[in-house]
Amino acid sequence: APSLLYVTTNPSGATVYVDGKKFGTSPIEGKEVARGRHTVRITKSGYKSIFFNEIKFGGKPVVINETLTAEIKEEKYEGNNICSYTNVLRRRSRK
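Note that the structure is a prediction, hence the values are computed from the model and not measured.

The rules behind each value
- Residues numbered from 1 in each chain as written.
- Predicted model: local features only at pLDDT ≥ 70, side-chain atom pairs only at ≥ 80, totals over all residues.
- Heavy atoms only, no water.
- pLDDT = per-residue confidence, 0-100.
- Contact = heavy atoms within 4.5 Å.
- Pairing = 2+ DSSP bridges.
- Helix = DSSP H or I, 4+ residues; strand = E, 2+ residues; numbered from the N terminus.
- Axes fitted to C-alpha atoms, helices over the stretch in contact; angles between N-to-C directions.
- Core = buried A, V, L, I, M, F, W, Y, C linked by side-chain atoms within 4.5 Å.
- Buried < 20%, exposed > 50% of the residue type's maximum accessible area, 1.4 Å probe, protein only.

### Some words on the confidence of the model for the protein
Stage number 1. Averaged over all residues, the pLDDT of the protein equals 84, while 76% of them reach at least 70.
Stage number 2. The low-confidence segment residues 84-88 (pLDDT under 50) makes zero contacts with residues lying over four places distant or belonging to another chain.
Stage number 3. Ignoring residues within four places in sequence, the model shows residues 90-95, a span with pLDDT below 50, making zero contacts including any to other chains.

### Things to note about the sheet that holds strand β4 (residues 28-33)
Stage number 1. With respect to topology, three strands assemble into an open sheet ordered β4-β1-β7, the strand pairing being mixed. If you trace the sheet from one side to the other, it starts and ends with β4 and β7 (62-67), each paired once. When strand polarity is set aside, the average angle formed by the axes of neighbouring strands in this sheet is 25°.
Stage number 2. Two elements, strand β1 (residues 3-10) and β4, share five bridges in a ladder whose sense is antiparallel. Across the sheet, residue leucine 5 finds its bridge partner in β4, namely lysine 31.

### Focus: the nonpolar core
Stage number 1. Of all hydrophobic cores here, the largest spans 16 residues; its most connected members are Leu5, Val40, Ile42 and Ile64.
Stage number 2. Residue assignment for this core shows that the elements contributing at least two residues are β1, β2 (15-18), β4, β5 (36-43), β6 (50-57) and β7.
Stage number 3. With three residues, the single largest contributor to this core is β6.

### Some remarks on the sheet that holds β6
Stage number 1. On the basis of which strands lie adjacent, the open sheet formed by four strands has the order β3-β2-β5-β6 and antiparallel pairing. The sheet terminates laterally at β3 (21-25) and β6, the two strands that pair on one side only. Here the strands of the sheet are splayed against their neighbours by 30° on average, with no regard to which way each runs.
Stage number 2. In terms of strand pairing, β2 meets β3 through four bridges, oriented antiparallel. Following the sheet pairing, valine 18 is matched in β3 by lysine 21.

### Describing unusual backbone geometry
Stage number 1. With an omega dihedral of 0°, the bond running from asparagine 10 to proline 11 counts as a cis peptide bond.
Stage number 2. Topologically, proline 11 is positioned in the loop between β1 and β2.
Stage number 3. Despite not being glycine, aspartate 19 has its phi angle at roughly 55°, a positive value.
Stage number 4. Relative to the helices and strands, aspartate 19 resides in the loop between β2 and β3.
Stage number 5. The partly exposed category is assigned to aspartate 19, whose relative accessible area is 41%.
Stage number 6. Positioned with a positive phi, glutamate 54 is a non-glycine residue whose angle comes to about 60°.
Stage number 7. For glutamate 54, the position within the fold is in strand β6.

And the structure:
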């Protein structure tokens, strides 16, 4: 018999992949996964991905409950790059 996978994330709405294939969106309330070892990846835009390598799926349900960590963006650098780029364009257009 297959195993059931339960995934809850905080915040919810994360995409769950099993062996690289899209499996669903959290929360997942007991969806069937074939027996054996599988990799599970959880991704959400703006958050660090969570990767589980070789989870063993037997008869018992597999429960994953994760709090996602926000990715820190280097906004200062992006801002400076945008400004300097715009300045370059302005200089060129003056010629």
